[in-house]
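Close look at the chain arrangement
The lines below spell out each chain.
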Amino acid sequence: MPQVPLLPGRGLTLALHDTATGEVRPTSPGPVARMYVCGITPYDATHLGHAFTYVTFDLIYRAWRDAGHEVHYVQNVTDIDDPLLERAVATGQDWRAIADRETALFREDMAALNVLPPRDYIGAVEAIPSVAQYVEDLQERGAVYAVDDDLYFSVSADPGFGSVSGLDRDEMLRIFAERGGDPQRPGKADPLDCLVWQSERPDEPAWTTSLGHGRPGWHIECTAIALDHLGMGFDIQGGGRDLVFPHHEMCAAEAQALTESVPFAQHYVHSAMVAWQGHKMSKSRGNLVFVSALRHAGADPAAIRLALLAHHYRNDWEWVDEDLVTAQQRLDLWRSAVASDAGPDATQTIQWMRRALADDLQAPAALDAVDEWCRGAGTSPEGPGLIADAVDALLGVRL
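Residues numbered from 1 in each chain as written. Predicted model: local features only at pLDDT ≥ 70, side-chain atom pairs only at ≥ 80, totals over all residues. Heavy atoms only, no water.

1. Some words on the side chain of E102
- Among the secondary structure elements, E102 is positioned in helix α3 (residues 95-112).
- Those residues in contact with E102 that lie beyond four places of it in its chain are I40, P42, Y43, D44 and A45. (Helix = DSSP H or I, 4+ residues; strand = E, 2+ residues; numbered from the N terminus. Contact = heavy atoms within 4.5 Å.)

Structure (structure tokens):
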């Protein structure tokens, strides 16, 4: 955890868009703000879509800290999943070696971008004993059934199923088939029911538990990790917008069926998609811009972060090379301004930054406020240092 400067005064109440309600509304954490953000499946390096998501939730972390909250941030890494195994087969490498290497690179990229680390960083593999226990608990409640030797969660066990995404059934079925679901599998009670335990397959890793020899389904891993480390009713469940359905919908349904209480999370917050070459960045398409490649080509990580912050977290956008050029020019302006012996008074600028971020993370407006300060004139000897601290504390950009 890097040192984060403390600013004079106190940050404002953070309001964020909630996917479940479709409204921007205040967050209301207690002394400890609790946040779960879904992590990577480590079969390829960190691309800018990943970075945009984790910088978004880093802004939330920083805004809460500035408002006086301790933050309990939990993130998983899906270090066993079909795409990882497919990559291992395609490349002839051991799946564990790929997962370890790509997880290490992801953490290196996040540190370079000055993203504050989670308190708990939990791999799906290490959560398997907990997953097995939760699946047994769901079985006892009649919410899990067998199809051949696999186990499925019945979405009908949660009366509120569908409340996170707000999708109709036809749209759910379409997206479920696109994003790892198996709606056409014979023997399922409902095409939308999701896998929670997969029995051992030939030439695939498996673990021995009370459920037999196998491995977890995707959604139940995050359900288990969130419940173990944060409990029900935590403040934010977050990730990219492509996780709204089925992943976050299924996680909520499983948890709510397990505990017979609602909600799983108070807020569902989702970042937008980043495109390149006319299409959303995706590993299947291969149109990826990697953070590590930009860094190794000489890009300043602070400029990469500024290029991401120039876009509001809920608006889809497309990366172009000029984004990095513009961000470097902005970084040079800021560094030159804070290197001065004196500058404009920083009090009002810090309040503008706080107000912009508290209003659904209006990061571009916060950047504009700093630009305006840098172009102003003044004789305050404290101004440059306070702006440097504010840019670090609130925006995560070290000058």
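2. A word on the packing of helix α10 (residues 321-338) against helix α12 (residues 363-375)
- Where α10 contacts α12, the axes come no closer than 9 Å and their chain directions differ by 50°. It follows that α10 is oblique to α12 by the angle criterion. In this structure, α10 crosses over α12, and the sense of that crossing is left-handed. Two secondary-structure elements touch here, α10 through R330, L333, W334, A337 and V338 and α12 through L367, D368, V370, D371, W373, C374 and R375.
- Of the residues belonging to the contact of α10 with α12, the class tally is 8 nonpolar, no polar and 4 charged. (Axes fitted to C-alpha atoms, helices over the stretch in contact; angles between N-to-C directions. Parallel < 35°, antiparallel > 145°, perpendicular 65-115°, else oblique. Left-handed = near helix turned anticlockwise from the far one by under 90°. Nonpolar A, V, L, I, M, F, W, Y, C, P; charged D, E, K, R; others polar.)

3. A closer look at the side chain of Q256
- Relative to the helices and strands, Q256 is located in helix α7 (residues 244-259).
- Ignoring anything within four residues of it in the chain, the contact list for Q256 reads D158, M232, S261, V262, P263, F264 and Y268.

4. Some remarks on the pairing of strand β1 (residues 15-18)
- Direction of pairing for β1 relative to strand β2 (residues 23-26): antiparallel, over a ladder of 4 bridges. Residue pairing in the sheet places H17 in a bridge with V24 of β2.
- Two successive antiparallel strands, β1 and β2, enclose a turn made up of 4 residues, where G22 displays a positive phi of approximately 75°. (Pairing = 2+ DSSP bridges.)

5. What about unusual backbone geometry?
- Here F245 and P246 are connected by a cis peptide whose omega angle stands at 5°.
- For the peptide bond that leads from V262 to P263, omega is -5°, which places it in the cis range.
- Within the element layout of this structure, P263 appears in the loop between α7 and β12 (265-271).
- Phi is positive for N114, which is not a glycine, with a value near 60°.

6. Topic: the pattern of salt bridges
- Inspection of every chain in the model, using the stated rule, returns 24 salt bridges.
- One salt bridge in this structure joins D300 and R335, with 2.9 Å as the shortest N-O distance. Of the two residues, D300 is situated in the loop between α8 (291-296) and α9 (301-309) and R335 in helix α10; the sequence distance between them amounts to 35 residues.
- By relative accessible area, R335 is classed as partly exposed at 28%.
- Note that R330 and D371 form a salt bridge whose closest N and O atoms lie 2.5 Å from each other. (Salt bridge = Lys/Arg side-chain N within 4 Å of Asp/Glu carboxyl O. Buried < 20%, exposed > 50% of the residue type's maximum accessible area, 1.4 Å probe, protein only.)

7. So, the packing of α12 against helix α13 (residues 383-395)
- Where α12 meets α13, the axes come as close as 12 Å, and the angle between the chain directions of the two elements is 165°. Here α13 runs roughly antiparallel to α12, going by the angle between their axes. Seen along the crossing, α12 lies across α13 with a hand that is left-handed. Between α12 and α13, the residues in contact are A366, L367, V370 and W373 and G383, P384, I387, V391 and L395, respectively.
- Of the residues assigned to the contact of α12 with α13, the class counts are 8 nonpolar, 1 polar and no charged.

8. So, helix α11 (residues 347-358)
- For α11, built from 12 residues, the straight-helix expectation of 16 Å at 1.5 Å per residue is met to within 8% by its first-to-last C-alpha distance of 17 Å.
- All of the buried residues in α11 are T349, I350, M353, R354, A356, L357 and A358.
- Against β1, α1 (48-66), α12 and α13 lie the buried residues of α11.
- A positive phi of about 60° marks D360, the residue just after α11. (Expected span 1.5 Å × (residues − 1).)

9. A few points about the nonpolar core
- One finds M35, L48, I60, W319, M353 and L395 to be the most contacted residues of the largest nonpolar core, which totals 73 residues.
- It is α1 that contributes the most residues to this core, 11 residues altogether.
- Once residues lying within four places of it in the same chain are set aside, the contact partners of L48 are V274, M281, V289, V291, L294, I304, L308 and W319.
- Counting residues in each nonpolar core, the second largest holds 46 residues, with V74, Y134, F176 and F234 among its members. (Core = buried A, V, L, I, M, F, W, Y, C linked by side-chain atoms within 4.5 Å.)

10. Overview of the sheet that holds strand β13 (residues 274-276)
- Here we have 3 strands laid out as an open sheet, ordered β14-β13-β15, and mixed in their pairing. Every interior strand has two partners, whereas the edge strands, β14 (279-280) and β15 (317-318), have only one.
- As paired strands, β13 and β14 are joined by 2 bridges and run antiparallel to one another. When the sheet's bridge partners are listed, W276 is paired in β14 with H279.

11. Thoughts on the layout of surface pockets
- Size it by volume and the second largest pocket reaches roughly 280 Å³.
- Of all the secondary-structure elements, those providing two or more residues to the lining of the second largest pocket are β4 (70-77) and α3.
- Ranked by residue count, the leading element in the lining of the second largest pocket is α3, at 4 residues.
- Its residues placed into classes, the lining of the second largest pocket shows 12 nonpolar, 2 polar and 2 charged. (1 Å grid on protein atoms, 1.4 Å probe; cavity = no way out; pocket = protein on both sides within 12 Å on 5 of 7 lines; lining within 4 Å. Points joined across faces, edges and corners; volume = space filled by probe spheres on them.)

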